[in-house]
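The primary structure of each chain is shown beneath.
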Amino acid sequence: MQTPCCVLVTQRQAVTQQDKNIQMADNSFSDGVPSDSVEAAKNASNTEKLTDQVMQNPRVLAALQERLDNVPHTPSSYIETLPKAVKRRINALKQLQVRCAHIEAKFYEEVHDLERKYAALYQPLFDKRREFISGDVEPTDAESEWHSESEEEERLAGDVKNKVVITEKEAATAEEPNPKGIPEFWFTIFRNVDMLSELVQEYDEPILKHLQDIKVKFSDPGQPMSFVLEFHFEPNDYFTNSVLTKTYKMKSEPDKADPFSFEGPEIVDCDGCTIDWKKGKNVTVKTIKKKQKHKGRGTVRTITKQVPNESFFNFFNPLKASGDGESLDEDSEFTLASDFEIGHFFRERIVPRAVLYFTGEAIEDDDNV
């Protein structure tokens, strides 16, 4: 019978022998496998053990669950979890939505017809506006009567003050100039509206002072949806055209590839017109001089050539939308989008409310929106 001490010694010897056997096994394994692989295997084993220990910690699990609960669930991720039968019904709803988009497109086509109808009713008023602006017709006292808030405040200031200034006003009125019509009406609108003033160069200004009217013409019934901006000029020293035009082509139908993006008619292209500039008056180009050296003889000569010049009148020579499937570069897309925005602004805001953009009242309203 062995004593406890003998048993303990025997166990220690067994453990020592076991460690030696493991070390020999490691050495024999490392003979055929690189030491880095052995070390990586040990690290992976240690990492796995540490992960198991961490995942058994209740506090860690609670923290992970809280983070998962706070992760936002996107609609698409939710849809993916739905049963096939529900997804099938959702597809049916999308079919209905496409049909709604086509009905909406028809609605906007009829709105365009209404715009054309009411444009004919507005036109006599716009024609009279042009006559007052040009000075061809003088408004009657009844037509020119208008009580503004400032005039009402002056009236309420007291009869005494009014009596004092009556004589002075009469004298001032006698000396006041009486120009024909409303000088520089449309040019003033260009200066007042930031979107337009940014396009106008200093050398454009004398030309725009000859602008007498801007009109909007809608496409005829049965024709593709479009509208034309007409800029009417009095005879001037710059070009022979009496009218410059810009045509905006529109589309009011859902895109087959993306029908849900339909939000109403959109401008898809535009055409300008040819300006018949008088000699030396074309502000859309400038002449530059450039020295050129002959490769063989080494002589230098000066050549002149015309290059594009920034001008509002480039508005009538617009960039064409790509119709051959090729995409425009980013700068071209921005230029085209800006052009469409300006055309829409002329049609929807400037032409219908011209006097308010002349006085600045419409600009204040736009700022308050």
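Residues numbered from 1 in each chain as written. Predicted model: local features only at pLDDT ≥ 70, side-chain atom pairs only at ≥ 80, totals over all residues. Heavy atoms only, no water.

## Some details on the overall build of the protein
To be explicit about the condition: Note on conventions: DSSP H or I runs of at least 4 residues are helices, E runs of at least 2 residues are strands, and numbering of each starts at the N terminus. Under the scheme applied here, a residue whose accessible area is under 20% of the maximum for its type counts as buried, over 50% as exposed, and between as partly exposed, the area being computed with a 1.4 Å probe on protein chains only. Contact criterion: two residues are considered in contact whenever any of their non-hydrogen atoms come within 4.5 Å of each other. Only the protein chains shown count as cover for residues, and all accessible areas are computed by the Shrake-Rupley method using a 1.4 Å probe.
Regarding its fold elements, the protein presents 14 helices and 6 strands. Classification of the 369 residues of the protein by burial places 22% in the buried group. In the protein, the proportion of contacts linking residues at least 24 apart, taken out of those at least 6 apart, comes to 58%. Looking at the protein as shown, the accessible area adds up to about 27,500 Å², and 53% of this sits on carbon and sulfur atoms.

## Digging into helix 9 (residues 185-192)
In terms of burial, helix 9 is a largely internal element, 6 of the 8 residues being buried. All buried positions along helix 9 are accounted for by Phe185, Trp186, Phe187, Thr188, Ile189 and Phe190.

## A look at the pairing of strand 2 (residues 226-233)
Note the threshold: Here a strand pair is declared whenever DSSP counts at least two bridges between the two strands.
Along strand 2, 8 of the 8 residues are buried, which leaves the element largely enclosed by surrounding structure. What you see with strand 2 is no split at all: Ser226, Val228, Glu230 and His232 on one side and Phe227, Leu229, Phe231 and Phe233 on the other are buried throughout. One ladder, built from 7 bridges, connects strand 1 (residues 211-218) with strand 2; its direction is antiparallel. Each bridged residue has a counterpart across the sheet, and for valine 216 the counterpart in strand 2 is leucine 229. Where strand 2 lies against strand 3 (residues 243-251), 7 bridges are found, and the strand directions are antiparallel. Its bridge partner being in strand 3, leucine 229 is matched across the sheet by lysine 246.

## Topic: a nonpolar patch on the surface
Put simply, the rule reads: Here, patches come from residues exposed beyond 30% relative accessible area and free of salt bridges, joined within 9 Å for like charges and within 5 Å for nonpolar side chains (Val, Leu, Ile, Met, Phe, Trp, Tyr). A carboxyl oxygen of Asp or Glu within 4 Å of a side-chain nitrogen of Lys or Arg is what we treat as a salt bridge.
Taken together, the side chains of Leu114, Tyr118, Leu121, Tyr122 and Leu125 define a hydrophobic patch exposed on the protein surface, amounting to about 550 Å² of accessible area. Tracing the backbone shows leucine 114 in helix 5 (residues 84-134).

## As for the pairing of strand 6 (residues 300-308)
Of all 9 residues that make up strand 6, 0 are buried, and the element is exposed over most of its length. As paired elements, strand 5 (residues 285-293) and strand 6 share 9 bridges and run antiparallel to each other. Opposite lysine 291, over in strand 6, you have threonine 302 as the bridge partner.

## Brief notes about the environment of threonine 302
By the secondary structure assignment, threonine 302 is in strand 6. Given the relative accessible area of 51%, threonine 302 is considered exposed. Considering only alpha carbons, one finds threonine 302 and lysine 289, 13 residues apart in sequence, at a separation of 6.5 Å. In this structure, threonine 302 is in contact with Lys289, Lys290 and Lys291, ignoring residues within four places of it in sequence.

## Looking at the pattern of salt bridges
Throughout the structure, instances matching the rule amount to 13 salt bridges. Lysine 87 is the partner of glutamate 80 in a salt bridge, and the nearest nitrogen-oxygen pair spans 3.9 Å. Under the relative-accessibility criterion, glutamate 80 is labelled exposed at 58%. The partner of aspartate 269 in a salt bridge is lysine 320, and the shortest N-O contact between them spans 3.2 Å. Of this pair, aspartate 269 sits in strand 4 (residues 266-271) while lysine 320 sits in the loop between strand 6 and helix 12 (330-350); the two residues are 51 residues apart in sequence, bridging distant segments of the chain.

## Considering the sheet that holds strand 2
Short version of the rule: Between N-to-C directions, angles cover 0 to 180 degrees, with each direction set by a line fitted to C-alpha atoms, over the stretch in contact for helices.
In spatial order, the strands read 1-2-3-4; together these 4 strands make up an open sheet with antiparallel pairing. Of all the strands in the sheet, the pair left with one neighbour each is strand 1 and strand 4. Averaged over neighbouring strand pairs, the angle between their axes works out to 20 degrees when direction is ignored. Helix 5 rests against strand 1 and strand 2 of the sheet, and its axis sits at about 160 degrees to strand 1. Most of the contacts of helix 12 go to strand 2, to which it runs at about 75 degrees, and overall it touches strand 1, strand 2, strand 3 and strand 4.

## Brief notes about the packing of aromatic side chains
Rules: Here the aromatic set is Phe, Tyr and Trp, taking the six-membered ring for Trp, and pairing holds for ring centres within 6.5 Å; pairs whose planes are under 30 degrees apart are stacked, those over 60 apart are edge-to-face, and all others are tilted. In this scheme, Lys NZ or Arg CZ marks a charge over a ring once it lies within 6 Å of the ring centre and within 35 degrees of the ring normal.
Evaluation of the coordinates by the stated rule reveals 24 aromatic pairs. With a centroid separation of 5.5 Å and 80 degrees between ring planes, the pair formed by phenylalanine 239 and tryptophan 277 is classed as edge-to-face. Residue phenylalanine 239 is located in the loop between strand 2 and strand 3, and its partner tryptophan 277 is located in the loop between strand 4 and strand 5; the two are separated by 38 residues in the primary sequence. On the basis of relative accessibility, which here comes to 2%, the residue phenylalanine 239 falls in the buried class. For tryptophan 277, a relative accessible area of 18% puts it in the buried group. Aromatic pair phenylalanine 345 and tyrosine 357: ring centres 5.9 Å apart, planes at 75 degrees, arrangement edge-to-face. Here the residue phenylalanine 345 occupies a position in helix 12, and tyrosine 357 occupies one in helix 13 (residues 354-359), the gap between them amounting to 12 residues. Since its relative accessible area comes to 17%, phenylalanine 345 is described here as buried. Taken together, the ring pairs in this structure connect Phe190, Phe231, Phe233, Phe239, Trp277, Phe312, Phe313, Phe315, Phe316 and Phe346 into an aromatic cluster. One Lys or Arg, lysine 281, reaches over the ring of tyrosine 238 and ends 5.6 Å from the middle of that ring. The residue whose ring lies beneath arginine 347 is phenylalanine 227, and the NZ or CZ to ring-centre distance is 4.9 Å.

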